[in-house]
Amino acid sequence: MRVCVVGTGYVGLVTGACLAKVGHQVQCVDVRPEVVEAINAGRSPIVEPGLDDILKAGVAEGHFRASLSLQEGMEGAEIVLVAVGTPTTKGDIDLRYVREAAEGIGRTLAGSSAYRVVTVKSTVVPGTTDGLVRTSLETTSGRKAGQFGLCMNPEFLREGCAVEDFLEPDRIVIGQWDERSGDTLAKMYSPFSCPVVRTGLRNAELIKYTANALLASMISFSNQIAMICESLDGVDVDEVFTGVHLDRRLSPVVDGRRVHPGLLAYLKAGAGYGGSCFPKDVLALRQFAQECGVPAPLLEAVMAVNRSRASHLADLVEEPLGGAEGKKVAVLGLTFKPFTDDLRESPALAAVEELLRRGAVVRAYDPEVPPGRTDPHLPSGLELFPNAIDAVREAQAVVLATAWPEFLGLDWGAVCAAMPRPVIVDGRNALKEVQWPHGALYRPIGRRTEV
Ligand SMILES: NC(=O)c1ccc[n+]([C@@H]2O[C@H](COP(=O)([O-])OP(=O)(O)OC[C@H]3O[C@@H](n4cnc5c(N)ncnc54)[C@H](O)[C@@H]3O)[C@@H](O)[C@H]2O)c1
């Protein structure tokens, strides 16, 4: 099938490249010339394991191309996927990119009588697809929904393993305006073998928010328990959750063997949730509930616990140092999680900002954020280093903020030797197996440590 993907960021690019890999003819459209140029040269503009290879192959075999022109991208396409950003602006979902994309698609639809299914892949609040998107399409195309198809197909891929998630999905959700729209989109997904949920547009929209809000709630719940643990002597949050995880309803025993579902990774204390989805999606859902006249105290609490993580990490640093003012603090890891270069709403950057606000001199190392990388999310005043040892040299404290595997295998003896009196704050509880040299103060999350 011919597929056009409008918006070639993390979701659009992975979607497009993977659809090309399974045999479709894909044209991506973006408004950023540098992105289009990189794709057509066979280079991925983002870091995502496995993406470079399938992108290169798709471009070389002529199955995958990018363009700045919607007209060109939609040429012959039966499906038009909308994967533009839906950020939060002033606490509410900002649908301007979705509107602009829908208007552009509508204008292109006006020029031909071909049946195409416009499919919203971006995360949008319930009512957006059959409201703003349908209205924009109908107004600009002069055609009615039904003459073109309309679907809502939320995306569940996780950055860091996005290619794998897309190629082996847990489920595919197809929210449909009518049967014909859903059938056409289902045909695009026929190479995938997983449960397909055929439902209404609003259900599809809300499935995505509910899934993200659940995972974010589990993270904040774990961090709430961690705070209680830290107030007690002899209690360790990881041991508490090991006992909880062994409930068969959380980790079933199948054929005599214990299965550890991926969900348990969210019942774990740490630096809080971040990235381009959870923070904005929980906020948008809270705002949407409010507009529906539904109080959402649980979502409020989830956000409040998450907001407090940065200052909690800064407290763990500050206590043994007797204040942060003028102290050198090295932060290891800046991306919101390993195996991505994405800095959006990273808990690591929230901790950096809090430490800078308290007067610390903050230096950092991240494998995907080399010195010289310019990114609007990087706070001014943060000094970047090309490796971990240079970043920690002479630092009074180290914060492990993102659990990149290379940090777990770091020579922590050498790290401690490079610091006058080592204080290590483990924001991910990832270093519990390390044998700390005498004199080092190790401070994990959810366990009281004497200063
Ligand atoms: N990033 C994730 O892990 C993830 C996972 C699931 C769902 N989502 C959702 O998918 C959507 C996209 O997220 P993302 O992270 O890929 O965003 P992104 O910011 O990385 O990419 C959006 C892209 O759309 C382009 N764009 C904006 N307006 C355009 C237009 N009119 N025409 C063509 N291109 C346009 C931008 O230039 C950008 O390249 C969001 O709604 C997000 O919530 C994201």
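In case you missed it, the structure is sitting above this.
This is a predicted model, so every value here is computed, not measured. (Residues numbered from 1 in each chain as written. Predicted model: local features only at pLDDT ≥ 70, side-chain atom pairs only at ≥ 80, totals over all residues.)

Trainee: Outline the overall build of the chain, supporting the account with residue identities and numerical values.
Mentor: Helix and strand counts for the chain stand at 16 helices and 18 strands. Relative to its length of 451 residues, the chain is compact, with a C-alpha radius of gyration of 24 Å against a globular reference of 22 Å. Once the C-alpha set of the chain is aligned to its principal axes, its extents read approximately 75 × 45 × 45 Å. Relative to its full complement of 451 residues, the chain shows a buried share of 48%. Long-range pairs, those at least 24 residues apart, make up 71% of the contacts in the chain between residues at least 6 apart in sequence. (Helix = DSSP H or I, 4+ residues; strand = E, 2+ residues; numbered from the N terminus. Rg over C-alpha atoms; globule rule 2.2 N^0.38 Å. Buried ≥ 20, exposed ≤ 12 C-beta atoms within 10 Å, placed from the backbone. Contact = placed C-beta atoms within 7 Å.)

Trainee: So what about helix α1 (residues 10–21)? Which residues, and what values?
Mentor: When the terminal C-alpha atoms of α1 are compared, their 17 Å separation across twelve residues agrees well with the 16 Å that a helix rising 1.5 Å per residue should span. With twelve of its twelve residues buried, α1 lies for the most part within the structure. Taken residue by residue, α1 has Y10, V11, G12, L13, V14, T15, G16, A17, C18, L19, A20 and K21 as its buried positions. The secondary structure elements touched by the buried residues of α1 are β1 (2–6), β2 (25–29), α3 (51–60), β3 (64–67), β4 (79–82) and α7 (162–167). Taken from the residues just after α1, G23 is the one with a positive phi, measuring 115°. (Expected span 1.5 Å × (residues − 1).)

Trainee: Residue-level account of the nonpolar core, with values.
Mentor: Counting residues in each nonpolar core, the largest one holds 75 residues, and the members touching the most others are V3, V5, V6, V14, A17, V80 and V82. With eight residues, α1 is the single largest residue contributor to this core. Of the domains in this structure, domain 1 (2–199) and domain 2 (278–444) are the two that each give at least three residues to this core. Among residues more than four places away in sequence, those in contact with A17 are L51, I54, L55, G58 and F64. Residues A348, A364, V392 and A397 belong to the second largest nonpolar core, which totals 46 residues. (Core = buried A, V, L, I, M, F, W, Y, C linked by C-beta atoms within 7 Å. Domains from an automatic or database assignment.)

Trainee: Requested: an account of the site of the ligand, with residues and values cited.
Mentor: Around the ligand there are 27 residues in total, and G7, G9, V11, G85 and S122 lie nearest to it. For the shell around the ligand, the secondary-structure elements that each account for two or more residues are α1 and α5 (96–110). The element contributing the most residues to the shell around the ligand is α5, with four residues. Among the residues making up the shell around the ligand, the classes are represented as twelve nonpolar, ten polar and five charged. (Near = placed C-beta within 6 Å. Nonpolar A, V, L, I, M, F, W, Y, C, P; charged D, E, K, R; others polar.)

Trainee: Can you tell me about the pairing of strand β14 (residues 361–365), naming the residues and giving the values?
Mentor: Along β14, four of the five residues are buried, which leaves the element largely enclosed by surrounding structure. Of the strand pairs in this sheet, β14 and strand β15 (residues 383–384) are connected by two bridges, and their pairing is parallel. Considered in β15, the bridge of R363 is made with E383. (Pairing = 2+ DSSP bridges.)

Trainee: Account for the packing of α1 against α3, naming residues and giving values.
Mentor: Two numbers describe how α1 lies on α3: the axes approach to 9 Å, and their chain directions differ by 60°. Between α1 and α3, the angle falls in the class oblique. At the point where α1 passes α3, the crossing takes the left-handed sense. Where α1 approaches α3, its residues V14, A17, C18, A20 and K21 are matched on the opposing element by L51, I54, L55 and G58. (Axes fitted to C-alpha atoms, helices over the stretch in contact; angles between N-to-C directions. Parallel < 35°, antiparallel > 145°, perpendicular 65-115°, else oblique. Left-handed = near helix turned anticlockwise from the far one by under 90°.)

Trainee: Outline the sheet that holds strand β10 (residues 196–199), supporting the account with residue identities and numerical values.
Mentor: Across a sheet, strands are paired by hydrogen bonds formed along the backbone, either parallel or antiparallel in direction. Taken in spatial order, the eight strands line up as β3-β2-β1-β4-β7-β8-β9-β10 in an open sheet, and their pairing is mixed. Bordering the open sheet on either side are β3 and β10, each of which pairs with just one other strand. With strand direction ignored, the average angle separating the axes of adjacent strands in the sheet is 25°. Bridge analysis of β1 against β2 gives five bridges, and the strand direction is parallel. Bridge pairing in β2 places C4 opposite Q27.

Trainee: Account for the sheet that holds strand β17 (residues 423–426), naming residues and giving values.
Mentor: Taking strand neighbours across the sheet as the criterion, the six strands line up as β15-β14-β13-β16-β17-β18 in an open arrangement whose pairing is parallel. Edge strands, defined here as strands with exactly one partner in the open sheet, are β15 and β18 (441–444). Bridging between strand β13 (residues 328–332) and strand β16 (residues 397–400) involves four bridges; their strand directions are parallel. Of the residues in β16, the one forming a bridge with A330 is V398. In this fold helix α12 (residues 297–321) packs onto β13, β16, β17 and β18, with an angle of close to 165° to the strand it touches most, β17.

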